[in-house]
Amino acid sequence: MIRKIVYSIFLATIVLSLVMFFAAFPFGQNKMSVGEYYLNHGVAQTGASNIVTSVVVDYRGFDTLGEVSVLFGAAAGVAILFFVLGENRRKRREQVAPNFIVRVGSRIIFPFILLFGTYIFIHGHLTPGGGFQGGAIIASGFLLLYLAYPGTTVNRSRLSMVEGLAGITFIVLGLYGLLMPESSFLYNFLPKGELNALLSSGILPIIYIAIGFKVAAEFAGIIDDMMCEVICRGGEK
Amino acid sequence: MVNLANPILLIVIPLLFVFLIAFSSAFSKSAAKYLPIIAFGINVVVAMLLVPEVLKNGLVLSTTAGFKPPIAIDMIVDKLALFLVIIASVLGFVVSIYNVAYIDEEPEEKFYALFTLLITGIIWMIITGDLFNLFVAFEVTSIAAFGLVGFHRDKGSVEAGFKYLVMGAIGGSLLLVGIIMLYAATGTLNIIDVAQKSAELTFQQKFLAYALIFVGLGIEGALFPLNAWLPDAHPAAPSSVSSILSGIMTTAAIYAIIRITNIIFDYNQIYLFLMFFALLTLIFGEIAAYYQKDIKRMLAYSTIGQTGLFFFAFTIHSTNGLQGAFLQIINHSVSKSMLFLVVGAMIVQVGSRNIEDFVGLGRKMKVSSFFLAIGMFSLMGMPPFFGFWSKLKIIFAALQHSNALMIGSVVIILLMSVVEGAYFFKLLQMMFFGKAEQDREIKEASFGMLVPVVILGFILLFISFYPTPVLDFAHQAASDLMNKNYINLALKLGGL
Amino acid sequence: MNMSLELLLATPFIGGLLTYIGGKVHRWVRNLIAVLFSLATVGEMAMYYNTTFKGVVWGSLFGSNLVLQTNPITWLFLFIVTAISLLVIVFSIDDMKKEEDEIVLDSYYMQLLFVEGAMVGIVLAGDLITFFMFWEIMSWTSYFLIVHGGKKSMAAGYKYIIMSVIGAYAMFIAIAMLYAKTHSLVYSDVALALSQASPSFIIWTVVLLSVGFFVKAAVMPLHTWLPDAHSEAPSPVSPLLSGVLIKMGAYGLFIVFYGLLSVNLAKNIMPSVFSTPILLYIIQWLAALSIVLATFLAIMQEDAKRLLAYSSVSQIGYVVLGLATGTSLGVAGGLFHALNHAIFKGLLFLAVGAVIYRTGTRNMSELGGLVKKMPFTFTALLLGIIALAGVPPLNGFVSKWMIYEALIQKKEVFLLIMAFVGSTGAFLYVYRLIHSLFLGQLPEKYENVKDVPILMQIPIWILALSTIVYGIFPGLAMDVIVKGMKLFGFTPIAYNLFGFPEGTAMGSLTVINIAAVLMTAFVAVFIIFILFPKTRQVSQYDNYASGQELTPDFKYNYSFGFYMSFGRVIKPILSMSIERVYNYWIDAFKIFGDYYMRRIYTGNLETYNSYIVIVVTIAAAAVLLGGKLW
């Protein structure tokens, strides 16, 4: 009881001080010097009509590379913690099959999920969404497959090939920027194209496609690992 | 032609190899073993190419996306950063060699990918010039470290990994909140821009943001009382990973604290506050290490103590103090990494982490034990090893301010050095002069594990007996930091 | 010539490395290299006889030059260091044969030479950084030598290194304080800075430096490591430790009080007692206490090497007492006693080592009657104990006489009495030593004991002859000491080859006359003894005990508890042990630390996270309180 009181006092102090801090900077007040620059110059400089994408992939594309690496690291970490040897991975426990509607429904819906995900990441520079979202949607399709057909397996080496290749694409595109006169990583060296056209804003769509593939592969891998932890024989420790 | 002396390559090349490892694992198992060596080999070369540039200009700046900061992210390598980058790259290279012989557990390719990612993240933390990018690098490092700590998948390592995950995640969130607060206050994320825009803010306004950033980084940087994950995580991880975690990762986090404190929060009050943390870290690390029965846990606590020591040297807030801090960072990085590598090799032979089982190893594993002894002597600050020079500098720097606080701190530091001597000598005499009760089948460590140890050992011996260039370089780095050359030169080179 | 000072410093270190490598070839290669390099060091040392070099810069660190220097005083200590090291190495060749593991021996010789090199470095140092650096090197290399002695020696070595490190760090603080003041730690600069510093600063630095030297010199109450370390170390190492290593503390005191701080300066800044600055006066008392208490403790020992170790504490007390008098005669006496003690204590440890080599025990109650079996060792040991007890004409006499004379001149009666008590007590324990080892009944198991091999006898004999040489010709050493002390601003004392001429204020002493008198007396007694044989030659067993005839298997001569009744008298003094106080605090620290470490690093994630919350709360509270941290 005393502990609870003490900690509530602690939390109250922290919250109060945070409130004091943010009271000095009211929400919506125009303090965003960099943000303003993005708003004013983003479309012209990057050729992407989705200003968020221009920030995420172009201005702060290096952060995105980091995020991609974080996701990669998380997937690899999950793969390590839930690692099951190859032969055990194939031995599945008996599972009660889900009902008919789930099985048939998911079979119908699966291609559409893939299509939707692909759409999202291909149009990342034009419409809301992008590689991360599209990849996550595609991975959710795999999740659906796993739920409907517990026997589903994905070819892990192909998945890691995809994620590796996607990552390499991202970096090689970035490195190519170093060859340009600006000599800057992730320099947008392709023509900007016409605003709102699918083939516009230089390397942004290519990167987003790579990210889409990568995220999809990684999430699919995570799902596979987690499912395997439950249903593979080797999972019994 | 591409200018290879580009800081961004330090991050991007290893990252490329991370993805290459993932890619190659699809068709070749053994390629993954050797790719990290190539990656960090290239990194060492790039870092070496940067040396003349940095010495000439004082700082090398590289932008991304073809825009100038603060619009886009920039990477800045000044002397101090270069210094740490070289350590990180060399350690990465050497420990990658060690891994080839050391790691024999599945899933190897994931291990190598994460291992490479870990060091990439560390280098990234060191050279980034952008606060949010720092957070990203912090996350890259932490995420890679979480997975690696749990690599053995036994009860201890999973538990340790979980503790680390929880505390690291809290740290990451606090860091993020702190960065957001700074962003709210200034509307920009570039460190130098933040520093300039926040100049008109009062100490009180900035302090909470600073405290959150400090706590977030302090969790990773092993400052007491935020370091409780460390004594569990370092022993549980594979020895090569412990070597990196102890040798450079905590250092990188401390470096980030130093950088941010120096650039954005350069207030005298803060240094007193930090000194308090540094001394507590030192005291608790060293005393706790004394009681440990598990050799890796002992080394892990000793890492806490050493961190306290060089953080203390930073909080002296003078050129001399900073020089001492940097020297101690080198000493700690090289020695402690080497110790973890040696101990890893010994654990493979002995099959236990208990100190009692190391009795008489000095006669069985002569080369390993020799380098273990050198590393320990250097950490204790015994002449003629490098630790002596750094300890000398730190104490000299501290006593330049002859007030009661400093004298008291020096007494504490030296008392803790005695404690450090107490546990290291206990181990050393047990290894070299103790006799095992039954004869055990113990051989010298395998060649592949000995080579990295010998490389690090020779680096340590070299800088011990020829310290002048390192001392000078550390001095230049320190005076650059004190004179705020980071900001001045970056502005001149178009950093903003 | 400048180079060769660095060469002198480097020779033992290079020799040490080569010795280790040579050991991989063959053990004789190793032994040869070790002997040759220590011989080379002695030779190089000899070149500097009575020369003075100021400041050969060999490097620079943090803006302070690293300097090597030499003058007659350093030469005296160099002489002690290199000569004893050479003899020890020669003695080791046979004595350490029992160690089977060759690699242990390789490292043993390497460390012997390293210790020698470190001590050469300390003596040659012309600035405090060099001094401190070699001081630390000496600590850890000698630690490795001590722990060569087996299981018990590990505990002893551990205690030694921890206390050394504590002492060294006390010095370190003082050195850092000086550095902050001057930015140059060359002796002359430091002396200049001290002459302008505030009294409290001077007192602090001097006290802290002295603590470091007291630990190494084993002045009470910081002596507790010595009896264990010196007795548990391998036999050849003990003379190096007792004879040479603890002298480094004395050398340090000399440098601090007369090199960095001059007596006049000391007198100006602190009150004087008996015309001695109070700090020196306190040191005199500590030294005198060391003399008396350690003598008492030595009397009560059962272990031959432990007895000698306590005796070392007592004898180093004389050295420090002499150095702390602050007068020419006293300081010269202290320095001379440092040399003499190195000679006779080295001799005694080697002789006892020889006995241990043959019998395998150093417990005095198990030994006895070895005089017929080991006559050479007996004779040498006899000379050693005569020298130690301060009986003319051997060397201990002259230096002790000088110290007494200095005390008499200063009218310090109490200290004089204590010094006399120590000297008288020395008779008791040295008699105990020679009686228990060589006289009395020979235990049957030692029937086949022979005298030691020639390589072990040579060092013993060299030292034994030195006791006579320096005893009869004190002028040999005084030449160096007086010339050296002139450099440190002392009024030179008059001396000649045989002692001190009459008519000076110093008092007079001519050892050759005393020796002649003694010899005459001895010859007279001897002649009387021969001419009037009133005694009957009997064998050892021609006797009765409890009405029974004695046989060789019957032990009638017990030497256990030799001075038991005396022990009862001094028991209250012996029961006071400073070591118990130290152990109490160490234990308290350990228990306290263990308890709190367990409370802090509980292993519970919730606790750990609460720490984070607490830290953030403190920061938040600081913000709420208006940006103040306290």
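J.: Before we go on, may I ask you to explain the environment of Ala477(B) in this structure?
T.: All names here are of chain B. With respect to the helices, strands and loops of the structure, Ala 477 is situated in helix H19 (residues 468–482). Of the residues examined, Ala 477 has 24 C-beta atoms within 10 Å and is grouped as buried. Once residues lying within four places of it in the same chain are set aside, the contact partners of Ala 477 are Lys 79, Leu 80, Phe 83 and Phe 326.

J.: It is not clear to me how the domain arrangement of chain C should be interpreted in this structure. Could you clarify?
T.: Size of an interface: often given as the accessible area lost when the parts come together. Residues and elements named next belong to chain C. For chain C, the assigned domains read domain 1 (1–234), domain 2 (271–535) and domain 3 (578–624). Here the C-alpha centre of domain 2 lies 25 Å away from the C-alpha centre of domain 1. Contacts between the two partners involve 26 residues from domain 1 and, on the opposite side, 36 residues from domain 2. Among the secondary structure elements, those contributing two or more residues to the side of domain 1 that touches domain 2 are helix H3 (72–95), helix H8 (199–217) and helix H9 (225–232). Counting residues per element, the side of domain 1 that touches domain 2 draws most heavily on H3, which supplies 12 residues. Residues that form the side of domain 1 that touches domain 2 fall into these classes: 18 nonpolar, 6 polar and 2 charged.

J.: Mind showing me how you'd approach the interface of chain C and chain A here?
T.: Taken residue by residue, the interface counts 7 residues in chain C and 7 residues in chain A. The class makeup of the residues in the side of chain C that touches chain A is 6 nonpolar, 1 polar and no charged.

J.: Just checking my understanding: could you explain the interface of chain B and chain A for this structure?
T.: With 50 residues of chain B at the interface, the matching set in chain A holds 52 residues. For the side of chain B that touches chain A, the elements supplying multiple residues, two or more each, are helix H1 (7–24), helix H4 (108–127), helix H5 (131–149), helix H6 (155–186) and helix H8 (203–220) of chain B. Sort the elements by how many residues they give to the side of chain B that touches chain A and H5(B) lands first, with 10 residues.

J.: Whenever I open this one, the confidence of the model for chain A confuses me. Can you help?
T.: Regions with low pLDDT should not have their predicted coordinates read in detail. Averaged over all residues, the pLDDT of chain A equals 84, while 92% of them reach at least 70. The weakest mean pLDDT in chain A belongs to helix H5 (residues 86–90) of chain A at 69; the strongest belongs to helix H6 (residues 100–122) of chain A at 90.

J.: What exactly am I supposed to notice about the confidence of the model for chain C here?
T.: Counting all residues, the mean pLDDT for chain C is 81, and 94% of those residues have values of 70 or more. We note a pTM of 0.91 for the whole complex and an ipTM of 0.91 for its interfaces.

J.: Sorry, what's going on with unusual backbone geometry here?
T.: Working note: non-glycine residues mostly have negative phi, and peptide bonds are mostly trans. Residues and elements named next belong to chain B. Cis geometry is found at the peptide bond from Pro 69 to Pro 70, where omega equals 5°. Tracing the backbone shows Pro 70 in the loop between strand S1 (59–63) and strand S2 (74–78). The omega torsion of the bond from Pro 383 to Pro 384 falls at 5°, within 30 degrees of zero and hence cis. Here Pro 384 lies in the loop between helix H15 (366–380) and helix H16 (386–400).

Reading guide: rules and limits
- Residues numbered from 1 in each chain as written.
- Chains lettered and ligands numbered in written order.
- Predicted model: local features only at pLDDT ≥ 70, side-chain atom pairs only at ≥ 80, totals over all residues.
- Helix = DSSP H or I, 4+ residues; strand = E, 2+ residues; numbered from the N terminus.
- Buried ≥ 20, exposed ≤ 12 C-beta atoms within 10 Å, placed from the backbone.
- Contact = placed C-beta atoms within 7 Å.
- Domains from an automatic or database assignment.
- Nonpolar A, V, L, I, M, F, W, Y, C, P; charged D, E, K, R; others polar.
- pLDDT = per-residue confidence, 0-100.

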